[in-house]
Amino acid sequence: MDSAKSVLLLVSGPAGSGKTTLCDRLRGTYPDIQRVITATTRSPRTGEVDGQDYFFLTDKSFKDKIAQEAFYEHALVHGKHYGVLKEEIDSRLDAGVDLLLNIDVQGAESFRNATKHNPELARRMVSVFILPQSISQLSERLFDRDSDDKEEIERRLIVAEKEMREADQFDHRILSGTRDEDFAALQKIYFDKKGLAS
Ligand SMILES: Nc1ncnc2c1ncn2[C@@H]1O[C@H](COP(=O)(O)OP(=O)(O)OP(=O)(O)O)[C@@H](O)[C@H]1O
């Protein structure tokens, strides 16, 4: 593996835009691309392995790391902390591993800010926004997925409308079409970046 060429592919977009579908397919197609592992203070669910699914941290340890500025980004969600450790990204990129990060729009903003003071991260990172064609396309996908109730979906759509205004801040936008079209677009961005980063 060549660390000079390793890239961080950051995939963001509103809930239901298709980030997870795309990231799963990219990793299924290119098993060498590894998922960024998030740190969290939530308890492991049955079968979850520390260092593989998440880094499970105590509240104290997480807060210490915040104070040490050890995170590229972190957030409190329903009373639990989640964050991406700088060390997790930097050491794996240095080891020549390509990384895939599926992250919400706010988290993506923290990464963009981090690149302003970190030229090495800026050189390796490429950010992609999955842009729904319309709120009704997004609404249809969220209802079809059937994983959230109506109130939750309506709440997500309001947030999505705001998030879609952030699309121009990303290096690339994929205007969501069919699954195959979206995947082809992501694949091209990944390969172009690998060329550019060499
Ligand atoms: N290009 C596409 N065309 C039609 N349906 C799609 C497409 N991409 C994803 N979907 C479907 O839309 C739903 C939302 O996709 P997915 O769960 O990947 O979104 P997400 O952005 O990861 O959402 P969340 O942020 O809530 O985790 C899923 O049911 C998925 O199968």
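A brief look at the structure comes next. (Residues numbered from 1 in each chain as written. Predicted model: local features only at pLDDT ≥ 70, side-chain atom pairs only at ≥ 80, totals over all residues. Heavy atoms only, no water.)

## Side note on the site of the ligand
Residues in close proximity to the ligand total 16 residues, the closest being Lys19, Thr20, Thr21, Arg145 and Arg179. Here an oxygen atom of the ligand sits 2.6 Å away from a polar atom, N or O, in the side chain of Thr21. Between the ligand and Asp182 there is a distance of 3.2 Å, counted from a nitrogen atom to a side-chain nitrogen or oxygen. In isolation the ligand exposes 630 Å². Once the protein is present, 77% of that is buried. When residues of the shell around the ligand are assigned to their parent elements, the largest contribution, three residues, is made by helix α1 (residues 19–29). Here the shell around the ligand is built from residues that sort into two nonpolar, eight polar and six charged. (Near = heavy atom within 4 Å. Polar contact = N/O pair within 3.5 Å; in protein donor to acceptor, adjacent residues only side chain to side chain. Areas by Shrake-Rupley, 256 points an atom, 1.4 Å probe, with all protein chains shown as cover. Helix = DSSP H or I, 4+ residues; strand = E, 2+ residues; numbered from the N terminus. Nonpolar A, V, L, I, M, F, W, Y, C, P; charged D, E, K, R; others polar.)

## What to know about the packing of aromatic side chains
Overall, the coordinates contain eight aromatic pairs when judged by the stated rule. Measuring from centroid to centroid gives 5.2 Å for Tyr190 and Phe191, while their planes differ by 45 degrees, and the two rings are tilted. A relative accessible area of 6% means that Tyr190 is categorised as buried. What links up through ring pairs into an aromatic cluster is the set Tyr30, Tyr190 and Phe191. One Lys or Arg, Arg112, reaches over the ring of Phe170 and ends 4.8 Å from the middle of that ring. (Phe/Tyr/Trp six-rings, centres within 6.5 Å; stacked < 30°, edge-to-face > 60°. Buried < 20%, exposed > 50% of the residue type's maximum accessible area, 1.4 Å probe, protein only. Lys NZ or Arg CZ within 6 Å of the ring centre and 35° of its normal.)

## Details of the sheet that holds strand β7 (residues 99–102)
In spatial order, the strands read β2-β7-β1-β8-β9; together these five strands make up an open sheet with parallel pairing. Edge positions in the open sheet fall to β2 (34–35) and β9 (172–175), since each of these has one partner strand only. Pairing of strand β8 (residues 125–131) with β9, which is carried by four bridges, proceeds in the parallel orientation. Residue pairing across strands places Ile130 opposite Ile174, the latter belonging to β9. Each of β1 (8–12), β2, β7 and β8 touches α1; the most contacted strand, β7, lies at about 165 degrees to it. Each of β1, β2 and β7 touches helix α3 (residues 86–94); the most contacted strand, β7, lies at about 155 degrees to it. (Pairing = 2+ DSSP bridges. Contact = heavy atoms within 4.5 Å. Axes fitted to C-alpha atoms, helices over the stretch in contact; angles between N-to-C directions.)

## Some details on helix α6 (residues 135–145)
Taken as a whole, α6 has its buried residues at Gln137, Leu138, Ser139 and Leu142. Where the residues of α6 are buried, they touch α7 (150–164). A positive phi of about 65 degrees marks Asp146, the residue just after α6.

## A closer look at the pattern of salt bridges
For the structure on display, the rule yields 15 salt bridges. The salt bridge partner of Glu120 is Arg123, with a shortest N-O separation of 3.3 Å. Here Glu120 and its partner Arg123 are both found in helix α5 (residues 119–124), three residues apart, which amounts to about one turn of the helix. As a salt-bridge pair, Arg155 and Glu152 come within 2.8 Å of each other at their nearest N and O atoms. (Salt bridge = Lys/Arg side-chain N within 4 Å of Asp/Glu carboxyl O.)

## Some thoughts on unusual backbone geometry
In this model, Glu69 sits at a positive phi of 55 degrees, which is unusual for a non-glycine residue. Relative to the helices and strands, Glu69 resides in the loop between α2 (59–67) and β5 (71–77). When its relative accessible area of 58% is taken as the criterion, Glu69 is described as exposed. At His78, a position not held by glycine, the phi torsion is positive, near 50 degrees. Of note, His78 is situated in the loop between β5 and β6 (80–85).

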